[in-house]
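Chain and residue survey
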Amino acid sequence: SAVISQKPSRDICQRGTSLTIQCQVDSQVTMMFWYRQQPGQSLTLIATANQGSEATYESGFVIDKFPISRPNLTFSTLTVSNMSPEDSSIYLCSVGSRYYGYTFGSGTRLTVV
Amino acid sequence: TQLLEQSPQFLSIQEGENLTVYCNSSSVFSSLQWYRQEPGEGPVLLVTVVTGGEVKKLKRLTFQFGDARKDSSLHITAAQPGDTGLYLCAGPDTGTASKLTFGTGTRLQVTL
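Residues numbered from 1 in each chain as written. Chains lettered and ligands numbered in written order. Predicted model: local features only at pLDDT ≥ 70, side-chain atom pairs only at ≥ 80, totals over all residues. Heavy atoms only, no water.

Some points on the overall build of chain A
This is how it is decided: Comment: elements are numbered from the N terminus, with helices defined as DSSP H or I runs of at least four residues and strands as E runs of at least two. We take the radius of gyration over the C-alpha atoms and set the globule estimate at 2.2 Å times the residue count to the 0.38 power. Any pair of residues with heavy atoms lying within 4.5 Å of one another is described as a contacting pair. To be clear on the numbers: accessible area is Shrake-Rupley with a 1.4 Å probe, and residue cover counts the displayed protein chains and nothing else. Note on charges: Lys and Arg go in the positive column, Asp and Glu in the negative column, and His and the chain ends are not counted at all. Charge placement uses NZ in Lys and CZ in Arg. For Asp and Glu, CG and CD serve respectively.
Scanning chain A from N- to C-terminus turns up zero helices and 11 strands. Relative to the globule expectation of 13 Å for 113 residues, the C-alpha radius of gyration of chain A, 13 Å, shows essentially globular dimensions. Along the three orthogonal principal directions, the C-alpha set of chain A runs to about 40 × 25 × 25 Å. For chain A, the share of sequence-separated contacts (at least 6 apart) that also reach a separation of at least 24 residues comes to 51%. Approximately 5,500 Å² of chain A is accessible, and the part contributed by carbon and sulfur atoms is 48%. When the 8 basic and 7 acidic side-chain charges of chain A are each reduced to a single mean position, those positions are 6 Å apart.

Right, dumping it as structure tokens:
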């Protein structure tokens, strides 16, 4: 299965600022997925990132708040913009398929103060 | 929207005890996956069940997929502290099969 390197692993940010999270995969993949995990909660899909096209966002998530880049088949970034304390969560990237399962990065624990 | 409800939400047991975690939905899923997440890490895939009625074993963990493919269970025999973590079931979205819907999660703590 793929190996994902995600960074930063954690950060504490001031409200109103932005943070960019990076995910690097050790193999080429068509789709990369970005999730949010609020404290003590399960995972919620933010968006699906395809190389060469705009990301597809889930209901409740918008591009202005969570812009995503996908410059090639092994890399993606998620930016959390104009942060507020409500954005404090763990953000995870993932690759995989329904047949073989999904691999996740180790997550970025974001605290907004 | 497909929902996956897990029960119980929290479970604190002693080493050596047995336990069962349930994952239920009103929707039919083509398959279900189980993940375990430890603090500071992303979820790790434990198993995928595909066929209604299927039973899979992974050492002390037994996974079952309901006959109607609307529910699944995870049974752990003789729990160990290393089993501690957040257990998540997940199934592919019917609209876009590459997307996963995650269950509400079961947090397990196993103490000595």
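Let's talk about the environment of Ser59(A)
Relative to the elements of secondary structure, Ser59(A) occurs in the loop between strand E6 (56-57) and strand E7 (68-72). C-alpha separation for the pair Ser59(A) and Val3(A), spaced 56 residues apart in sequence, amounts to 28 Å.

Things to note about the packing of aromatic side chains
For any pair of aromatic rings, the description consists of the separation of the ring centres together with the inter-plane angle of the planes. Rules: Working definition: a ring pair exists when centres of Phe, Tyr or Trp rings (six-membered ring for Trp) sit within 6.5 Å. Plane angles under 30 degrees give stacked, over 60 give edge-to-face, the rest tilted. Relative accessibility decides the category of a residue: with a 1.4 Å probe and only protein chains considered, values under 20% of the type maximum give buried, values over 50% give exposed, and everything between is partly exposed.
Counted according to the given criterion, the structure contains nine aromatic pairs over all chains. Ring centres 6.4 Å apart and planes at 45° place the aromatic pair Phe66(A) and Tyr91(A) in the tilted group. Remark: Tyr91(A) occurs in strand E9 (residues 89-97) and Phe66(A) occurs in the loop between E6 and E7; sequence separation between them is 25 residues. Across this residue pair, the class does not change: Phe66(A) and Tyr91(A) are buried. Through a chain of ring-to-ring contacts, the aromatic side chains of Tyr35(A), Phe104(A), Tyr35(B) and Phe102(B) assemble into a single cluster.

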